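The primary structure of each chain is shown beneath.
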Amino acid sequence: MSTPPGSYQLTDATGAPSRDAPWIFRTYAGHSSPRASNALYRAGLERGQTGLSIAFDLPTQCGYSSDAPIARPEVGKVGVPINSLDDFHLLFDGIPLERMNTSMTINGTAMWLLALYVALARERGVAEAKLRGTIQNDIVKEYLARGTYIFPPEHSLRLIAETYEYCVDRLPEWNPSNVCSYHLQEAGATPVQEVGFALATAVGLLDRIKARGRIDAAAVARCVGRLSFFVNSGIRFVEEMCKMRAFAELWDELTRERYGVTDPKLRLFRYGVQVNSLGLTEPQPENNAWRILLEALGVTLSRKARCRALQLPAWNEAMSLPRPWDQQWALRLQQILAYETDLLEYPDLFDGNPAVAGKTASIVEGARAELDRIIAMGGVQAAVDAGYMKQALVRSMTERMARIGSGAQVVVGVNAWTDGLPSPLTTGEDGGRFSADPAAVDDALAALAATKARRDPARVAAALAELTAAAKRGDNLMEPSIACALARVTTGEWADALRAVFGEYRAITGVDGQSLELPPAQAAALRARVEAFAAAHGRRPRLVVGKPGLDGHSNGAEVIAVAARHAGWDVIYAGIRLAPDDIAVSAVEEDADLVGVSILSGSHLELAAQVIDGLRARGGGDIPVVVGGIVPRPDVARLEALGVRAVFTPADYDLAQVMSRMLDVVEGAAA
């Protein structure tokens, strides 16, 4: 039996298909502090996890120490804060690195976190060659969808290439990056865009490694073999399965024809998955359990394109981070699928199916055309700089929201069958929500201060000086970064040293030139109200859309900006990661009628208060503020007590109604 492109050769002694090995079971986790996260990981491993997937907080991802002013509201909120190697010792206490497969979701600071991991192994006496795992390390999707970038593309891509060059021989079982299409789908990408954009990113990275000429052809082929992918699986699970088969086919083709890789094992399409979080709903959240199950089928049913690692969100992730029980429930789903069903006992169930073959071929054709288009532009870096990929994602997301708003895309419990019994899953004392430890910030600051007090200042200064010099010389920065880690340099100090050499980057927003079709009758009513406001005040209502703090998930802000323009507003949107004071200054200078603040990181109370205080300090206290994001219901009243005029949550999917409520606020303030 021949082996299909991109598949695993799994046969017994007779040549018949053998039982497939289960994928790696992970849960994506981390919060509050290294000690609390360590307890979470150890409990997960005891419950049957076979790998770790570490979530870092936004300051760590964006290259700030916990004591940076912009970092304070975000410390420990959506992941674990890591300031130094001392924190890594706590995070992995009692966990054997040499036996663990560790995935770290980190991008702009990926080299730094890998340096910390290597430094931890050295201090423990663990051979680097035994380390197994992955750093996400895909900066392109950060510019497009997630926002935790630091440096301009040229320098960020250099860091990724240098990570490969360091790992290819020293850490042969480590994936120096996984090209991450997951967040592209979260930002609205179609299957064709997800495949095409991800492959363009992989090509851009491998072309760069090859062109640098610092490793030989055999090592380049091994780099191809260590490049993995992290993908998304949505609710249309047949289409998602075909997408994965298309991914595997195109990857085999690219690695064979573009890079001349002859070893089939090095051409395998290796990927891990987290299933779709974008489609999880706040209304009737119990429905999310079934969505997660169906989405898992898209990446497990087809042996030819089955994932090798899987992590599932929990049913309540549209409301908050999951609690330990919620993560256990998601883990049990994986274990039942792998061990109780007969799924892993058969060869591919879909080979020869004409519908699957046709859909796969369609995605292959579209993705190949998308890849060719980006290569013709000059590659993925040129496509990012030109704004092509970002604008395409914003357009896809606005089209998705328009379909949901019109009812063309059914979301059960949201725009159809909205009447339902109260969910018993949310009736407990905590409402089914996780709450971060409010002492996490104090703990992180105390640990950081203790590290700084113990370390050798001269060793720190020397390590940072060598890092800076190596960055200027163009040397590989992995070993200087490891030296910094061993000296107890902090995350913020490492990033600041490279900021001084490379500079920082502001990505294109992608909202210019976009349109969003609201239902005609509602759009006409909204425009009539806007025209009435303009007639009374001499200009259209002016909206400042702000993303304060370090949360880079910009989908909601972008869709609101596009919808408001479609309804006739004047809109000012400067992108992500703004200081609250910057938003206040912009609102006062632009004579705004409304400030819309988007926050998905759980820091809405702190950041909304800072925006309102900033407005008052600049004479703009009469400018109303509304907030959108993942806001627990008890926090709505607290936001209103701060002075917020309206709060929008994931339940507010109808953009026409959102626009109408925003006009209510503006008209009430102007009366």
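Calculation rules
Every chain begins its residue count from 1, and numbering advances along the sequence as written. Under the rules for a predicted model, residues below a pLDDT of 70 receive no local features and side-chain atom pairs below 80 are neither given nor counted, while totals for whole chains, interfaces and linings still include all residues. For side-chain calculations, the full set of non-hydrogen atoms in the structure is used, while hydrogens and water are omitted. Any carboxyl oxygen of Asp or Glu that lies within 4 Å of a side-chain nitrogen of Lys or Arg is treated as forming a salt bridge with it. Only DSSP runs of H or I reaching four residues or more are called helices, and only runs of E reaching two or more are called strands; each is numbered from the N terminus. Exposure classes here rest on a 1.4 Å probe applied to the protein chains alone. A residue is buried below 20% of its type maximum, exposed above 50%, and partly exposed in between. Should DSSP find at least two bridges between two strands, the strands are taken to pair. Lines fitted to C-alpha atoms define the axes here, with helix axes fitted over just the stretch in contact, and angles between the N-to-C directions of these axes take values from 0 to 180 degrees. The contact definition used throughout considers only heavy atoms, calling two residues in contact when any of these lie within 4.5 Å. The quantity called pLDDT is the predictor's confidence in a given residue, expressed from 0 to 100. Two rings from Phe, Tyr or Trp (for Trp, the six-membered ring) form a pair when their centres are within 6.5 Å of each other. A pair whose planes differ by under 30 degrees is stacked, one over 60 is edge-to-face, and the rest are tilted. One less than the residue count of a helix, multiplied by 1.5 Å, gives the span that helix is expected to have. Orientation labels follow simple angle bins: below 35 degrees gives roughly parallel, above 145 gives roughly antiparallel, 65 to 115 gives roughly perpendicular, and whatever is left gives oblique. The crossing is said to be left-handed when, going from far helix to near helix, the turn is anticlockwise and less than a right angle, and right-handed when the turn is clockwise. Residues are grouped as follows: nonpolar covers Ala, Val, Leu, Ile, Met, Phe, Trp, Tyr, Cys and Pro; charged covers Asp, Glu, Lys and Arg; every other residue, Gly included, is treated as polar. Think of it like this: strands point away, you trace from the first strand over the helix to the second, and a clockwise trace means the crossover is right-handed.

Asks: Just give me the short version of the pattern of salt bridges, but keep the residues and values in it.
Replies: Scanning the model with the defined rule gives 50 salt bridges in all. One salt bridge connects Lys 77 with Glu 606, and the closest N-O pair in it is separated by 2.9 Å. With Lys 77 in the loop between α2 (58–62) and α3 (85–91) and Glu 606 in helix α23 (residues 604–617), the pair connects residues that are 529 residues apart, well separated along the chain. Asp 326 is the salt-bridge partner of Arg 323, the closest N and O atoms lying 2.8 Å from each other. You can call Arg 323 buried: its relative accessible area is 17%. Among the charged side chains, a network of salt bridges with common partners joins Asp 20, Arg 303, Arg 306 and Arg 308.

Asks: So, the sheet that holds strand β7 (residues 178–180): which residues are in play, and what are the values?
Replies: With parallel pairing, 5 strands are arranged side by side in an open sheet as β1-β10-β9-β8-β7. Two strands in the sheet have a free side with no partner beyond their single neighbour: β1 (24–26) and β7. Going from strand to strand, the sheet's axes swing by 25 degrees on average, the running direction of each strand aside. Contacts from helix α10 (residues 237–257) reach β8 (228–233) and β9 (271–275) within the one sheet, and its direction differs from that of β8 by about 160 degrees.

Asks: So what about the confidence of the model for the protein? Which residues, and what values?
Replies: Per-residue pLDDT for the protein averages 92, and the proportion of residues at 70 or more is 97%. Taken as a whole, residues 1–9 scores under 50 in pLDDT and shows 18 contacts with residues more than four places along the chain or in a different chain.

Asks: Can you lay out the environment of Ala 656 for me, pointing to particular residues and giving the numbers?
Replies: When you line up the elements, Ala 656 lands in helix α25 (residues 655–670). With 135 residues separating them along the chain, Ala 656 and Ala 521 place their C-alpha atoms 10.0 Å apart. Aside from chain neighbours lying at most four places away, what touches Ala 656 is Leu 518, Gln 522 and Leu 526.

Asks: Explain the environment of Ala 386 to me, using residue names and the numbers behind them.
Replies: Position of Ala 386 among the secondary structure elements: in helix α14 (residues 380–386). Classification of Ala 386 by relative accessible area gives exposed; the value is 54%. Between the C-alpha atoms of Ala 386 and Ile 508, which are 122 residues apart in sequence, the distance is 8.4 Å.

Asks: Residues and numbers for the sheet that holds strand β13 (residues 594–599), please.
Replies: Across the sheet, 5 strands lie side by side as β12-β11-β13-β14-β15; this open sheet has parallel pairing. Looking at the sheet topology across the chains shown, the edges are occupied by β12 (570–573) and β15 (646–648). Within this sheet the neighbouring strands show an average axis-to-axis angle of 20 degrees, counted without direction. Pairing analysis gives 5 bridges linking β13 to strand β14 (residues 625–629), with the strands arranged parallel. When the bridges of β14 are listed, Val 595 appears paired with Val 625. Along the sheet face, α23 touches β13 and β14 and points at about 155 degrees away from the line of β13.

Asks: Would you mind going over the packing of aromatic side chains in detail, with residue names and values included?
Replies: In the structure shown here, the tally under the stated rule is 19 aromatic pairs. Between Phe 229 and Phe 247 the ring centres are 5.7 Å apart and the planes differ by 50 degrees, which places this aromatic pair in the tilted class. Taken together, the residues span a long stretch of sequence, with Phe 229 in strand β8 and Phe 247 in helix α10 at a distance of 18 residues. Measuring from centroid to centroid gives 5.3 Å for Phe 269 and Tyr 271, while their planes differ by 35 degrees, and the two rings are tilted. Per residue, the accessibility class of Phe 269 equals that of Tyr 271, and both read buried.

Asks: Go over helix α1 (residues 34–46) with me, naming the residues and quoting the values.
Replies: In this model α1 runs 18 Å from its N-terminal to its C-terminal C-alpha over 13 residues, within 8% of the 18 Å that 1.5 Å per residue would give. Structurally, α1 contributes buried residues whose contacts are with β2 (28–29), β3 (52–55), α3 and α12 (324–339).

Asks: Provide a residue-level description of the packing of helix α4 (residues 110–124) against helix α18 (residues 478–486), including the pertinent values.
Replies: Across the interface, α4 lies against α18 with an axial gap of 8 Å and an inter-helix angle of 60 degrees. Comparing the axis directions of α4 and α18 gives the class oblique. You can see that α4 and α18 cross each other, and the crossing is right-handed. Contact residues: α4 offers Met 111, Trp 112, Leu 114, Ala 115, Leu 116, Val 118, Ala 119, Arg 122 and Glu 123, while α18 offers Met 478, Glu 479, Ser 481, Ile 482, Cys 484, Ala 485 and Leu 486. Looking at the contact of α4 with α18 residue by residue, the classes come out as 12 nonpolar, 1 polar and 3 charged.

Asks: Go over the pairing of strand β11 (residues 542–546), please, and point to the residues and values.
Replies: A large share of β11 lies buried, amounting to 5 of its 5 residues. Side-chain alternation along β11 places Arg 542, Val 544 and Gly 546 on one buried face and Leu 543 and Val 545 on a second face that is also buried. In terms of strand pairing, β11 meets β12 through 4 bridges, oriented parallel. Following the sheet pairing, Val 545 is matched in β12 by Tyr 573. With helix α21 (residues 555–566) bridging β11 and the parallel β12, this β-α-β connection has right-handed handedness. Bridging between β11 and β13 involves 4 bridges; their strand directions are parallel. The residue bridging Gly 546 from the neighbouring strand is Val 597, located in β13.

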